[in-house]
Amino acid sequence: ILNVEQSPQSLHVQEGDSTNFTCSFPSSNFYALHWYRWETAKSPEALFVMTLNGDEKKKGRISATLNTKEGYSYLYIKGSQPEDSATYLCAHDQTGANNLFFGTGTRLTVIP
Amino acid sequence: NAGVTQTPKFRILKIGQSMTLQCTQDMNHNYMYWYRQDPGMGLKLIYYSVGAGITDKGEVPNGYNVSRSTTEDFPLRLELAAPSQTSVYFCASSPGGRNQPQHFGDGTRLSIL
């Protein structure tokens, strides 16, 4: 994987369902993996910065895991609510690159 | 607490015109960044700065210039606007260190006709 890839591109879930999506990134020269939440008409808001293989981070109903050896991170949302509707971005910080490489995001719509 | 403030929010330019996108932050962050986002693409870094007086190119710097005379301000200049620079521009800042989250402004939507 040369770029940061996120899947799926978009998904719709019912209120109360749990969901997860994937961020894939180059596994070589890993430094950090960022997750951001981006609501329509607002600016991206930081959720997590993860640096260690096996890291798990949690913020309320949202959690994330990191596998640097195989180059992926999962974002989980438990019991989705309409206010979780947003685009979730991941960004890869590769050692020596000195900038974040962003994926195109997963657009989540939670249906009441 | 204002955070990162960008002005203007929207602008239409003619080809060949110049303009400056303003970005200011009140969090005393050392690191500041300019990104652009094109439809269907991820955010791409144009320029960044690790402190006052220090700037460096990102992934897509051509056609842009920046300066960082103070910690608070990081303006982005387009000298000769081209249609390819039609995009949404985001400014961001972080306290410092590459494992710190970035704080984004609300963006400037720029159209060049």
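See the structure above.
Description of the structure in this document.

1. So, unusual backbone geometry
Here the bond from A:Ser7 into A:Pro8 is cis, since omega is -5°, no more than 30 degrees from zero. Looking at the secondary structure, you find A:Pro8 in the loop between β1 (5–7) and β2 (10–14). Geometrically, the link from B:Thr7 to B:Pro8 is a cis peptide bond, its omega value of -10° lying close to zero. Positionally, B:Pro8 belongs in the loop between β1 (4–7) and β2 (10–13). The phi torsion at A:Asn29 lies on the positive side, around 55°, for a residue other than glycine.

2. Some remarks on the sheet that holds strand β3 (residues 19–24) of chain A
All names here are of chain A. Sheet architecture is open: five strands sit in the order β1-β3-β8-β7-β6, paired in antiparallel fashion. Both edges of this open sheet fall to β1 and β6 (56–59), since each of them pairs with a single strand only. Strand-to-strand twist across the sheet, computed as the mean angle between neighbouring axes with direction ignored, equals 15°.

3. A short note on the interface of chain A and chain B
Taken residue by residue, the interface counts 23 residues in chain A and 18 residues in chain B. Summed over both sides, the interface of chain A with chain B buries roughly 1,700 Å², with 58% coming from carbon and sulfur. Our count for the chain A to chain B interface comes out at three residue pairs in polar contact (both at pLDDT 80 or more). Broken down by element, the side of chain A that touches chain B gets its largest block of residues, five residues, from strand β4 (residues 30–38) of chain A. Its residues assigned to classes, the side of chain A that touches chain B comprises twelve nonpolar, ten polar and one charged.

4. Here's the deal with the pairing of β2(A)
Residues and elements named next belong to chain A. Of the two faces of β2, the one lined by Leu11 and Val13 is fully buried and the one lined by Ser10, His12 and Gln14 carries no buried residue. Bridge count for β2 against strand β11 (residues 106–111) is five bridges, and the pairing is parallel. Paired with His12 across the bridge in β11 is Thr109.

5. Re the nonpolar core
Judged by nonpolar contacts, the single largest core of 22 residues is most densely connected at A:Phe21, A:Leu33, A:Trp35, A:Phe48, A:Leu75, A:Tyr88 and A:Leu108. Residue assignment for this core shows that the elements contributing at least two residues are β2, β3, β4, β5 (45–50), β7 (62–67), β8 (72–77), β9 (86–94) and β11 of chain A. Those residues in contact with A:Phe21 that lie beyond four places of it in its chain are A:Ser7, A:Pro8, A:Leu11, A:Trp35, A:Ser73, A:Tyr74, A:Leu75, A:Ile77, A:Tyr88, A:Thr106 and A:Leu108. The next biggest cluster of nonpolar side chains, apart from the first, holds 19 residues, and it includes B:Tyr47, B:Tyr64, B:Leu76 and B:Ala81.

6. As for the state of the cysteines
Think of a disulfide as a covalent bridge from one cysteine sulfur atom to another cysteine sulfur atom. Residue and element names in this part refer to chain A. Here the structure, examined in full by the defined rule, presents two disulfides over all chains. In this model Cys23 forms its disulfide with Cys90; the gap between the sulfur atoms is 2.0 Å. With the S-S bond torsion at 80°, the cross-link from Cys23 to Cys90 turns out right-handed. Of this pair, Cys23 sits in strand β3 while Cys90 sits in strand β9, and the two are 67 residues apart along the sequence.

7. Considering the environment of A:Phe101
Turning to its location among the elements, A:Phe101 is positioned in strand β10 (residues 100–102). Linking A:Phe101 and A:Ala91, residues ten residues apart in sequence, is a C-alpha distance of 5.2 Å. Leave out the neighbours within four places in its chain, and A:Phe101 touches A:Val4, A:Cys90, A:Ala91, A:His92 and B:Glu59.

Thresholds applied
- Residues numbered from 1 in each chain as written.
- Chains lettered and ligands numbered in written order.
- Predicted model: local features only at pLDDT ≥ 70, side-chain atom pairs only at ≥ 80, totals over all residues.
- Heavy atoms only, no water.
- Helix = DSSP H or I, 4+ residues; strand = E, 2+ residues; numbered from the N terminus.
- Pairing = 2+ DSSP bridges.
- Axes fitted to C-alpha atoms, helices over the stretch in contact; angles between N-to-C directions.
- Contact = heavy atoms within 4.5 Å.
- Buried area = accessible area lost by both parts, 1.4 Å probe.
- Polar contact = N/O pair within 3.5 Å; in protein donor to acceptor, adjacent residues only side chain to side chain.
- Nonpolar A, V, L, I, M, F, W, Y, C, P; charged D, E, K, R; others polar.
- Buried < 20%, exposed > 50% of the residue type's maximum accessible area, 1.4 Å probe, protein only.
- Core = buried A, V, L, I, M, F, W, Y, C linked by side-chain atoms within 4.5 Å.
- Disulfide = S-S within 2.5 Å.

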